[in-house]
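Given next are the chains, with one letter for each unit.
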Amino acid sequence: MSNDTSQFPPQEAGTEPSIEQAVAGASEPAEAEAPRRGRPLLTLAIILVAAVVLIGLAHRYASRQVPISTGPAGEGLGQPAPDFMVKDIRGNTFKLSELKGRVVILDFWATWCQPCKIEIPWFVDMYNRYKAQGLEVVGVAMDDEGAEVVKPFVERYRMNYKVVIGNEKITDLFGGIYGLPTTFIIDREGKIHSRHIGLVSRETLEQAVKKLL
Amino acid sequence: MTGYRLQAAGCGPLRRFCAFFLACAVVVTGAWAQGARPSYVKVAPGATPVKAAPGQAFEVPAKFQIASGYHINAEKPTFDYLIPTRLEWTTKDFKLIGIEYPKPEQATFSFSPDTKLAVYQGTITIRSRFQAPRALPGGKAALGGKLHYQACDDKMCYPPASAAVEVPVELGKKARE
C-alpha cells in the first residue's frame, strides 16, 4: 500500500538522506590519494553548510505547515483588509470595500464545519443587537458545491446576515486559511483589527466588536 | 597531472554536496510546497500483498493512520451535513463485493460538548471484499483506491481531502492454468 504524496502533520523522522548516504560517492582515481587527506574537513564543512540551509528551509516549512493558533493572530493586523468581489447566495455582487465605515465580522466557514455551526447563532444574535450601531456580518462559505448547499443551510439556521460564496483566491488574499472557522474583525476604516483562528468564545468575539463600535 | 589531481580533489566533495543538497532540497521543499494542504490521514505502513484464488472472493484490509489530535467523520456521520469518510476503489480488474467500515467512536469535542459525534481516530482498518477474476495477465495486479475524508481537531475543521491507497494482489497459480 502506498500513501499519496501529502505530508502527514506529525513530521516523521528519517525522511532525509543520512550523512552516510550523502557522502557515499563514486570511487576516486588513485592519484587523488594525497589531496584526500584534507577532504574530511571540506566534506564536513559542506555538510554543515547544507544542514544550515536545510534547517532554515525546514523551519520555514514548519511555520507554514502549522500556521494555525487559537485566538487573535498578529500577521496583517492593522493593515487594510484585502478587498474582494464575489456573488452572495442570491447571486448579487458583493464587494467588501462597500462596507467601509462599518465594523465587519468576516467569517470564513463551511456547512460541513461543526465548530462553525457553534458560532453562527452568536453572529445572528450579535448582528441583531449591534446592527444599528454599525455592525455588519459577512459569512464566506467555503463549500465547493457553492450556493446549492449553502442556501438551504442558511435558511435552516436562520442566518440573517450576508453570506457569500468564497474561493481560494479570497483566502489567499487573507494570507491563506487552512482551517475553519477563521474570523476577521475589521474596523470602520477597513483595517483588520483581529483574526480569530478556530472556535473561540463568544465573549472574545463580542468584546473585539464592541471595542470598535 | 597536478591539475587533474586538484580538479579531482575539488570535484568529489562538490558533487557530493550537490547531490546531498539536491536530494534534501527536494524532500524539504516538496513537503513545504504541500504544507498548504497537509494530509491528516495516511496509509499505515507494513501492508503485505494480498493473495487471491482465481474466481474466489477475497478480503483486502486497508489500514489508515489518522494523525494524533485529529478525527475524521464516520462513514455514517452523526449529522447529514457532515462529510462522511468513504473508501473508493478505482480498480477494474476485480469486482467489488462490499466494504465494511469499522465501528466509529462516539466522542465529544470542545465544539460539541453535549453531543457525541461518530468519528474515527487513531488507526482504522477498512475491509473490502472483492471477487478475483479467473485469470490475470502475469498473475499480479494492484488495487488502487482513495480514502475520502474531512478532518477536524478540537477547535477547527479542514477542507475535504483524500489519501491514495494501493494494494498489490497476487493471484494463485491456478489462475493462469
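Predicted model only: the values in this text are computed from it and were never measured.

Notes on helix 3 (residues 114-130) of chain A
Okay, so step 1: Its 17 residues give helix 3 of chain A an end-to-end C-alpha distance of 25 Å, which sits within 8% of 24 Å, the value for a rise of 1.5 Å per residue.
Okay, so step 2: Of the positions making up helix 3 of chain A, those classed as buried are Q114, P115, C116, K117, E119, I120, F123 and M126 of chain A.
Okay, so step 3: Packed against the buried residues of helix 3 of chain A are strand 4 (103-109), strand 5 (135-141) and helix 6 (202-212) of chain A together with strand 8 (112-120) and strand 11 (151-152) of chain B.

Details of the packing of helix 3 of chain A against helix 6 of chain A
Residue and element names in this part refer to chain A.
Okay, so step 1: Two elements in contact, helix 3 and helix 6, have axes whose closest approach is 11 Å; the angle formed by their N-to-C orientations is 30 degrees. Regarding the angle of helix 3 to helix 6, the classification is roughly parallel. Regarding helix 3 and helix 6, the two cross each other, and that crossing is right-handed. Residues W122, M126 and Y130 of helix 3 pack against R202, L205, E206 and V209 of helix 6.
Okay, so step 2: Split into classes, the residues belonging to the contact of helix 3 with helix 6 amount to five nonpolar, no polar and two charged.

With respect to the environment of L77 of chain A
All names here are of chain A.
Okay, so step 1: If you trace the backbone, L77 turns up in the loop between strand 1 (71-72) and strand 2 (85-87).
Okay, so step 2: Along the chain, L77 and H193 lie 116 residues apart, while their C-alpha atoms are 5.7 Å from each other.
Okay, so step 3: Discounting residues that sit within four places of it in the chain, L77 has contacts with I192, S194 and R195.

Regarding the sheet that holds strand 12 (residues 161-171) of chain B
Residues and elements named next belong to chain B.
Okay, so step 1: Read across the open sheet, the four strands follow the order 2-12-10-5; overall the sheet is mixed. Every other strand in the sheet has two partners, leaving strand 2 (50-52) and strand 5 (86-89) as the edge strands with one partner each. Strand after strand, the sheet turns through a mean of 35 degrees between neighbouring axes, direction not considered.
Okay, so step 2: Bridge count for strand 5 against strand 10 (residues 140-149) is four bridges, and the pairing is antiparallel. Each bridged residue has a counterpart across the sheet, and for L87 the counterpart in strand 10 is L147.

What counts, and where the lines are drawn
- Residues numbered from 1 in each chain as written.
- Chains lettered and ligands numbered in written order.
- Predicted model: local features only at pLDDT ≥ 70, side-chain atom pairs only at ≥ 80, totals over all residues.
- Helix = DSSP H or I, 4+ residues; strand = E, 2+ residues; numbered from the N terminus.
- Expected span 1.5 Å × (residues − 1).
- Buried ≥ 20, exposed ≤ 12 C-beta atoms within 10 Å, placed from the backbone.
- Contact = placed C-beta atoms within 7 Å.
- Axes fitted to C-alpha atoms, helices over the stretch in contact; angles between N-to-C directions.
- Parallel < 35°, antiparallel > 145°, perpendicular 65-115°, else oblique.
- Left-handed = near helix turned anticlockwise from the far one by under 90°.
- Nonpolar A, V, L, I, M, F, W, Y, C, P; charged D, E, K, R; others polar.
- Pairing = 2+ DSSP bridges.

Geometric descriptors of this kind do not, in isolation, establish any biological role.
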